[in-house]
Structures are given as C-alpha cells and as structure tokens.
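Coordinate analysis (summary)
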Amino acid sequence: MINLTEVSLKNRALVWYFIIVLVVGGIFSYIKLGRMEDPNFTIREMIVTAAWPGATAEQMEQQVTDKLESKINDLPGIDYVKSTTRDGTTVIHVLLKDDYKGDVRSSWRDVRNFCHDIENDLPEGVYGPYFNDRFDDVYGSLYAVTGDGFTYEEMRQQAEKIRRMILANVKSVQKVELVGVQSEKVYVEIENAKLAELGISPTALSDALKGQNQMTPAGMIETSTDNVYLRYSGTFENIDDIKNAPINAGGRVVRLGDIAKVEMRYAEPADPKMFFNGEPAVGIAVSMEPGQNIITLGEGLGSLMKSVNEDLPVGLEIHQVSDQPKVVEDSIEEFISTLREAIIIVLAVSFLSLGVRTGMVVAFCIPLVLAAVFCGMYILGIDLQKVSLGALIISLGLLVDDAIIAVEMMSVKLEAGLDRFEAACYAFKATAKPMLTGTLITCAGFIPVGFSAGLAAEFCSALFPVISMALLISWVVSVMVAPLYGYHLIKVEVKHNEEGDTVQYQSKFYTIFRNILTWFLTHRKLVLVATAGLFALSILGMKLVRDEFFPPSTRPEIIVSMRLNDGASLKNTEEVSKRFADFLNQHADEIENYSCYVGEGAPRFVLPFTPEPPVDNYSQFIVVSKDAEHREELSRKIREELENEFPEVRHDIKFLQTGPPADYPIMLKVYGTDKDKVREIGEQVADRVAQDENNTEVHLNWHEKSKVIHLEYDQNKLKAMGLTAQAVSKMVYTELTGATAAQFYKGDRTVDIVLEMAEVDRTDLSKVKELPVYTGRGYVPLEQLADISLRTENGVIGRERLGPCVTVQGNILSGTANDATEKALEAVKDIADNLPAGYKIEAAGSLHDSQKAMGNITKPVPAMIFCIITLLMFQLKNGKLMLLTVLTAPLGLIGVAAGMLIFDQAMGFVAILGVLALSGMIIRNSVILIDQIQKHLEEGETPWDAIMDSAVMRFRPIMLTAAAAILGMIPLMFSTFWGPMAVAIASGLLVATVLTLLVLPTMYATVYKVEKE
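Residues numbered from 1 in each chain as written. Predicted model: local features only at pLDDT ≥ 70, side-chain atom pairs only at ≥ 80, totals over all residues. Heavy atoms only, no water.

The name recorded for the chain in an unreviewed UniProt entry is Multidrug transporter AcrB, from Anaerovibrio lipolyticus.

1. Examining the nonpolar core
Stated formally: For our purposes a nonpolar core is just a set of buried Ala, Val, Leu, Ile, Met, Phe, Trp, Tyr and Cys residues, chained together by side-chain atoms within 4.5 Å. To sort residues, take the accessible area from a 1.4 Å probe on protein chains only and compare it with the maximum for the residue type: under 20% means buried, over 50% means exposed, and anything in between is partly exposed. Between two residues, a contact is recorded if the distance between any of their heavy atoms is within 4.5 Å.
Membership of the largest hydrophobic core comes to 200 residues, with the highest contact counts inside it found for Ile-166 and Leu-463. Leu-463 has contacts with Val-387, Ala-391, Ile-394, Val-449, Ser-468, Leu-913, Trp-978 and Met-981, leaving out every residue within four places of it along the chain. Formed by 27 residues, the second largest nonpolar core is a distinct cluster that contains Ile-190, Ile-242, Ile-753 and Met-757.

2. Remarks on the environment of Ile-247
Heads up, the condition is: Each helix corresponds to a stretch of at least 4 residues labelled H or I by DSSP, and each strand to a stretch of at least 2 residues labelled E; elements are numbered beginning at the N terminus.
Take Ile-247: it is sitting in strand β10 (residues 246–249). Here the alpha-carbon distance between Ile-247 and Phe-866, two residues 619 residues apart in the chain, equals 86 Å. The residues contacting Ile-247, other than those within four sequence positions of it, are Ile-200, Leu-205, Ala-208, Arg-252, Val-253, Val-254, Leu-256 and Ile-259.

3. Section: the sheet that holds strand β7 (residues 184–190)
So the rule is basically this: DSSP calls a pair of strands paired once it identifies at least 2 bridges connecting them. Axis lines are fitted through C-alpha atoms, for helices just across the contact stretch, and the angle between N-to-C directions can take any value from 0 to 180 degrees.
Taken in spatial order, the 4 strands line up as β12-β7-β24-β23 in an open sheet, and their pairing is mixed. Of all strands in the sheet, those with a lone pairing partner are β12 (261–266) and β23 (739–746), marking the two edges. Taken over all neighbouring pairs, the strand axes of this sheet differ in orientation by 30 degrees on average, direction set aside. When β7 meets strand β24 (residues 749–757), the two strands line up parallel, connected through 6 bridges. Residue Val-186 lies in a different strand from β24, and its bridge partner there is Ile-753. Where helix α25 (residues 725–736) meets the sheet, its contacts fall on β23 and β24, and the angle it forms with β24 comes to roughly 110 degrees.

4. Quick word on the packing of helix α21 (residues 570–586) against helix α22 (residues 631–645)
Defined as follows: By definition in this entry, angles of less than 35 degrees are roughly parallel, angles greater than 145 are roughly antiparallel, angles of 65 to 115 are roughly perpendicular, and the rest are oblique. Two helices crossing with the near one rotated counterclockwise from the far one by less than a right angle form a left-handed crossing, whereas a clockwise rotation gives a right-handed crossing. In this classification, the charged set is Asp, Glu, Lys and Arg, the nonpolar set is Ala, Val, Leu, Ile, Met, Phe, Trp, Tyr, Cys and Pro, and all remaining amino acids, among them Gly, are polar.
Interhelical geometry of α21 versus α22 gives an angle of 140 degrees and a closest axis separation of 11 Å. As summarised for this structure, α21 and α22 are arranged oblique, according to the angle between their axes. Crossing handedness for the pair α21 and α22: right-handed. On α22, the residues that touch Arg-579, Phe-580, Phe-583 and Leu-584 of α21 are Lys-637, Ile-638, Glu-641, Leu-642 and Glu-645. Among the residues forming the contact of α21 with α22, the class breakdown is 5 nonpolar, no polar and 4 charged.

5. Examining the domain arrangement of the chain
Heads up, the rule is: Domain limits in this description derive from either an automatic procedure or a database domain assignment.
By domain assignment, the chain separates into domain 1 (1–32 + 355–492), domain 2 (45–132), domain 3 (141–182 + 270–328), domain 4 (201–258 + 706–794), domain 5 (506–544 + 878–1012) and domain 6 (553–656). Between domain 4 and domain 5, the C-alpha centre-to-centre distance is 84 Å.

6. Structural notes on the packing of aromatic side chains
The cut-off we apply is this: Pairs were defined over the aromatic rings of Phe, Tyr and Trp, the Trp ring being its six-membered one, requiring ring centres within 6.5 Å. Orientation was assigned from the angle between planes: stacked under 30 degrees, edge-to-face over 60, tilted for the rest. Note on criteria: charge over ring means Lys NZ or Arg CZ within 6 Å of the ring centre, with the direction from the centre no more than 35 degrees off the ring normal.
Within this structure, the stated rule accounts for 25 aromatic pairs. Measuring from centroid to centroid gives 6.2 Å for Phe-549 and Phe-909, while their planes differ by 80 degrees, and the two rings are edge-to-face. Highlighted residues: Phe-549 in the loop between α20 (524–542) and β16 (557–563) and Phe-909 in helix α33 (residues 909–938), separated in sequence by 360 residues. With a centroid separation of 5.7 Å and an interplanar angle of 35 degrees, the aromatic rings of Phe-550 and Phe-909 are classed as tilted. Remark: Phe-909 occurs in helix α33 and Phe-550 occurs in the loop between α20 and β16; sequence separation between them is 359 residues. One exposure class covers both Phe-550 and Phe-909, and it is buried. Each member of the aromatic cluster is reached from another via a ring pair, and the members are Phe-459, Phe-549, Phe-550, Phe-909, Phe-977 and Trp-978. The ring centre of Tyr-487 lies 4.3 Å from the NZ or CZ of Arg-12, which sits over that ring. The ring of Tyr-30 has Arg-35 sitting right over it, with the charged end atom 4.8 Å from the ring centre.

7. Brief notes about the pairing of strand β20 (residues 666–671)
Of all 6 residues in β20, 6 are buried; the element is thus mostly enclosed. Taking every second residue as pointing to the same face, both faces of β20 are buried, with Ile-666, Leu-668 and Val-670 on one and Met-667, Lys-669 and Tyr-671 on the other. One ladder, built from 6 bridges, connects β20 with strand β29 (residues 803–812); its direction is antiparallel. Note that in β29 the partner of Leu-668 across the bridge is Val-808. As paired elements, β20 and strand β30 (residues 840–843) share 4 bridges and run antiparallel to each other. Looking at the pairing, Tyr-671 lines up with Lys-840 of β30.

Written out as structure tokens, the structure reads:
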C-alpha cells in the first residue's frame, strides 16, 4: 500500500489547498441542504372510491367493491387491498409491497387503467371509480381563516384569494388546498299538499327548470367580415330569476316562487367542516415540492401572511394551525445543540487523554470531516433531518477513532526518539491497514439498514450513507491530514532510563493492567466459563426488555378521534364535537390552539400521520398543548372527560409517531369467508382482550347494524297505475333527499338547483308513508303502493385480501404496543387454534409492522456477515484468527442487556440497528489488537510477551476510541427517538471493550495454548 502519509507530507501545499476547498464546500453545502423534521419515506398506498346511490352496503360490496378489488389485485407488486363499504359508497386502499422497486406513480396509472377496463362491468348508475394517487402529500403549513359574523362563502372567497397568492408568490410550493369549504345550493322546497293540489309531478318541475337554464348553442352567422354569435336570454342569473321561472300547473302558468320556497343555502347534509378554537373556519393547506428547504418555505409564507393580514377586512382573521417550518427549525436547532455537546465531549476526551497539542490535532480533524460529509450529503440529496443528524452524532464518536489511533501511534514513536517525518510515516505503516479494515467493518455493520426494504428501513435509510461517508472520510483524514497537523503541533518529551534507553508503558497504571491481564491468562478456564455465563444471562435478560417498534414523538399535539355509532348523521357528529370543544375552551390556559375536523380527518400535516377518509359519524381534534411536558396531563383530562361525559362516543387519544404509524396500540385482524362469522369471532376476540385491565376501549372497527326503512313494493298495484319500482324510488329520492334539477352559474362557481320536499315532510319518519307518488292521474300516498317497515342491515363492511375482515383494536394504559399485542395474541390463542378452515387471527398494527421490518432487516445480515468475514480474512489471512475476532461481537450483548434494563429503554427497530452496528465496532477493536499481536510475533517475541505487550500497547488507543464513542452517545441518550440506540451502543461497547482487552487475549491464549515461559 502506498504510504499516503508520506505523500501528504511531501505535498503539503496541495493538501492545504484541498483542506480549504473542503471547508468552503462544506459551508456552502450545509447552507444549501434541505431541512425537514422527519426523513421522507414512500407511502405505497392509493385510494380508489366509487358511489352507487341507493345501493345497500351488501349490494355495493358484491357489485362494485368485489369487482374492483379483484381487478386491482392483478397489479404487479401489490401487497394487499383493503376496503370499507357503506351504503352507496366504497373506499378501497391499494397497498404495494415494501420491497417493490418499480415506479410507484406508474403503478397508480396501472390501477386507473385496470379500473377503467371494468367500468362496463359495473352496474348502471355507479359513479366512478375515482382515484387519489396523492395520498402521501404532506401539508406541513396549515392556516385557518375565521371571521365573526362572516359566512362560510365569504371566508372561502378570502381563502381562495390567499391560495392564489401563495401559488403565485411563494417558491417551493407544490399544492395548496382549501379545507372545510361549504358548498352552496339553491333549494326548491314544495309541500306535499301543494303538489297534490296542483297535480304537478316532481319530474315536471325538474324538466321545467332544466329546460329553461340548460346551456345550448344558439348558432353563429358568418358574414363577409365577421363571425357573429347569437346569444339568448332566459338563463338564471340570480335567485329571483329562479323564483320567476314559469311552471305549467294544470293548464295555467304560475311562478315557481308562488308554489315553492326558493332559497340559496349551504348543502344538506353538510360537507366536512373545519373549526379552529371552536370557531367555523376555512383551512388553507400548503404542501412543499420534494427536496426543497421547508424553513425557506416557512419564511416565504410568513412574509406573505404578514402582508395578507394587513389587508384583511375587519373581523376576518388568519391563524397558523400547523407550522412545520417552525417545528423543523426547532428540531434542527435541538439536534445541532446535541451535535455541539457531542463534539465538546469528544474533544474533552481527546484533550484530557492525549494532551492539548495532540488533542488539537484530533479537534481540527472533526470540522474537516463534517464539512466533507456535508458535501457528500448535498451531492446525494440527503436532507438535514432527524435521521441524518442523528447519524452525524453517532458517527462523531467513531470518526475520531482513526485520528486518535494515528496520532497516538505518532506520539508513541516520537517518545521513542523518531523524528516527526519518520514517526508519522511509521504510524501509517503500523495502523493504516488495520484501521481501514476496522473502518470498513464498522460500515458493514450498517449494511442491514442500508439495503433492506420496508418503510422502517426507508425511514432510517440515511444512517448507512452518512455514517459510511463519515468513517471513510475520517480514515483518509487520519492518514493524510492528521499527520500534517501533528507534524506542526505535536511535541513530546522523550523519556530515558538510567541506561539511556527510552521508557514506555512502565507507569504504575500499566503495571496494574499487566497484573490483571496476567490473572486472566492464568485463570483462563474460569474466565471463559464466566464470560459464557454472562452471555447466557444476557440472552435471558433480553426477554425482560420492553419491545417497541418506534416511540411516540415528543411533539405537543394530541390527536383525539371521535366516532359515533355507524349511521349517525354529520349534524349529530357536529353537535357532539361542539360539546367537546366547550370542554377544551375551559382548559384554554393549557392549550396553544386546537382545530377540529367534522366528517373527515385532518390533512396529513406530517408524513407519519394518516388522514381519515370522509365519513359522517367521525370527527377529529388536533389539540396542541403548551409544551410536550404538559401533554400527558392534558391527555389524561381529555380521556376522563370523554369517558365520563361522552359515553355514546368511541374515542381514541394518541400522540404522533416518530416512524411508520399504527391506528391503535392493540390491533388483531380476523379473516374469513363469511361476514357474520368473522364478526362473531371478532366479538369473541374483543371480549377476551378486554379482560386485561391494562387494555381499554377495545372494539371492532365495524360491527353495528344501521337502521333502514324497507319498502316492499306491491308490483300488481304499480303495474295497474302505470308505474315502475324504479320510477317510484326516484320520485321518493327526489322528495326526501333532493335531486339536482338544474344549475346556475355564480362567479367562479357552478351552483346546483335541488328540488326536494319541505323540511316538515322529509324529516319525520312517521310521515314517510304519506309521501305523495304521482301516477299521471294525480297523487297517491306511498303506503298504498308499498309495505313500509323499519329494519336493520350491515351499514359497514370491512374487507381485506379479497374477503371479509374485522379488526379488534384498543388502547393501553401502560407499556408498549408490541408487548400488549403479543399478550393479546397469547390470550386468544385457544380461539385461534379452533377456528374453522378459511379463518385466522393475525397481529396487525405496530407488532405486525415491527415483525415485517425485522424480517426485512435480517435479509441483508448474511451479506453483512460475509463482508465482515471477508475483510477479516484479507486483514488476518488466518481462519482461526478470523473466528476469534468474530466471536468477540456477541460479547456486546452482555452490556446491551444490562444497559437497556438499567435505563428502562425499549428494544425497538432503531435499537436493533444499534446492536447490529455495535458488532462492527467491537470487531474493529479486536482487529487492531489481533493485528498487533501478529506484528509482535513477527518481530520475534514469544507468544506470551506478544499477547501482553500488544494488550498494553493497544490499551490506550482502544480505550480512547471506545470512550469517544461511548461518551459521544450521552447527548443522544436523552432523545426519545435515538435514546434506545445510544444506550445499546454505549453500554454494549463499554462492556465489550473491557472484554476485548482482557477476554480476547485469554481466548487467543486458549486457542493457541500459550503458556508463560
């Protein structure tokens, strides 16, 4: 290998030039890097919806949902399809496999094409299918327009104006959507009695309105010079025009306004609504273009909103609901502060152990490596976010290792009397190759996260490239730049004994260490048995460690979901939500703000948050507490209020997740072939799970029956009167629900004109039998044509993997979701073991995602092991030595188990990554020690002396590098996300380092039967 240190020292000017270039490039790259709170990960999910007005949930499932699902299931790369079918509507979720490597957007185009292919197979009257292939859009900046005394339409107009200003004036904006907009309609209401008196059919009224207002081309006259178009009058320009519309009533013409109530009002049933701090609001949701700097976007939005506020009409206000740019700025500042603390700790280790001048060499290497890493991140498109910044902090304790080893060896040789140039070049010869091998082995420890599939691995994918860049760059810096720094900075005093020879490793400390190591070597059987016992104990101890996929976020938001019984109206949901809003207003001193979404969930304001599709019986509150510290207390009060004052509401209270989300802590899915049987099994499972006192609000995601009025038509009577069931049903639909008869145009909106019965005739169930049905010769009441009865039916049907599926879900009072779900699975094992053929119970939610992620993360482990073993063989060229080195890796588990239990940390996905990476760090230290033993043997020392001298000689660099890595983890230990990994690495490396210096020599002596001569 070319001596790079020698090349560097002989070309100092060139090296100094590249140092300056790297620093300048690093500063530029850091400024240009994108800023985000969480890393991007691909949400491989699309939503397909369809509607069939008048169909029951059963009919919708069989005729629409099943046909669409069966066709979609042919999609290449599909994982599974799940759906929720209600009366007249279906919502289908299409999910791709985690390891699907194709273009996701192309897959969504295929879904569209597949669904369009079978449109002719769907029943007549089906609307759709419609597609939402932007389900993963994140609206990180959310505003609310409110106004005391202003109508929804006035707020919408102002919000629309702001929306256009944002699109036109703010850079990096991808999309701006309005939330909570209430559409207006013109309602023509006529009483039953009036219809019967005039003898006019609803169809005649509808045809009259449509005929007058329908846009029809009137023609064009081509003259010798111009094209002259004909324009006609009579279309509706305002409400008065509609009231004045002429209607033929039994041979005489009357005004529509004389026989019906005509007014414009908001749609009934209402569209999904938004409230901010209890006030009606129209939301403005802003999403950012991929790869942009969200902090810059926030500055642009802030500047625009400041000017908008100055021009708002008196009484109108615009509020910041979600401020992702501010959250990201605070998050990055917090991580930068943590990085700063880690740098200070590592520098303190360097200065205290190596001295001021030698410590300065290490200190000057850190900013250079970081600058080079920032350049690499900019080139690779890696943003500054939680994972990449955490990777920098983790690598900080590792990137100084090579520099410490190099300058420590240089100092040792200077103490031995070599000159600066020779000492620096010797350091390269002695340490460069084992350092490079150790660096590559440490990088190999992160291969599983770098090359595994799945959302969890994708979420943490920045770990591998950032840490690998940092470590490889640090090796280059340690062999080319550190010697250059050391050449100018390091000054040592050469110590001699009475005979004039240099004295090294003869201090009292090293004497004590020699005595301890001698005891280990002479009691090797006891040492190895004790080590094996500790390892076995640690395996047992790992079973006591809590299991958690990803921890909750520390953000102050509390997500409160409220679901009424299936079939509840949006009006009822709104009333219940207002009652809960009154409770929140009473605790305004504990709340920063809150927003409420009635009839749907909040927009996806952070990537790990999954929005709920529109449904009338659902509302969601996003409550922002004053800070994360008060979040727990406020959520406790909210839970007590809901349990005591809202018994009719099924509620769910949760915090944002730091990784891929799950709806509930406990989720078990029951699959089968028959809907009623699946639901019956689900109820048994729910009852069993609810017996655990730690489990609360255990329920099924669908099981309630909905109330319906059933009409059994008398076909003989219908035929005698010249009617059909379809004609009567259409007439009843028009009278009760309202049918769009025509449209008129108001500014930028198209407003429907809806014909319906007067409110008094369509809101009373007892009057359904009196609904007038036009026969051509007059009206007869509906009860003369049909037998009317009140029944119940499936209002909701859940499906997954092309069959019925019900989910048993619930919350927990304490512990982790994974532990609670595993306990629930064990509790229902007897039920699962005795299910009929075709039925099964499986874990879902966090536990399922965790198991899938672990399955994905273990797939590249063989490649990791192969790389590590190959590198060891290249370095050691000996099978026995390779095996000895590899056997030290599991020793880290002794410290990991102890650390996780002492600090009460959960063994989650991130902690597992830490354990895998830890193996590479341990092997790295072992390589350095084994390589040193081989060097001493080559120099002619006896095996005993080679072991003793190598352990003594490598004690300081191994302990220093371990101390830097361990102490550098301390700031991360206080992080909710990184804490488990930091504890696993620090505790594991602490124990493994001590065992490497004492047990590895013992293992070596045992394998090679080394005895003291």
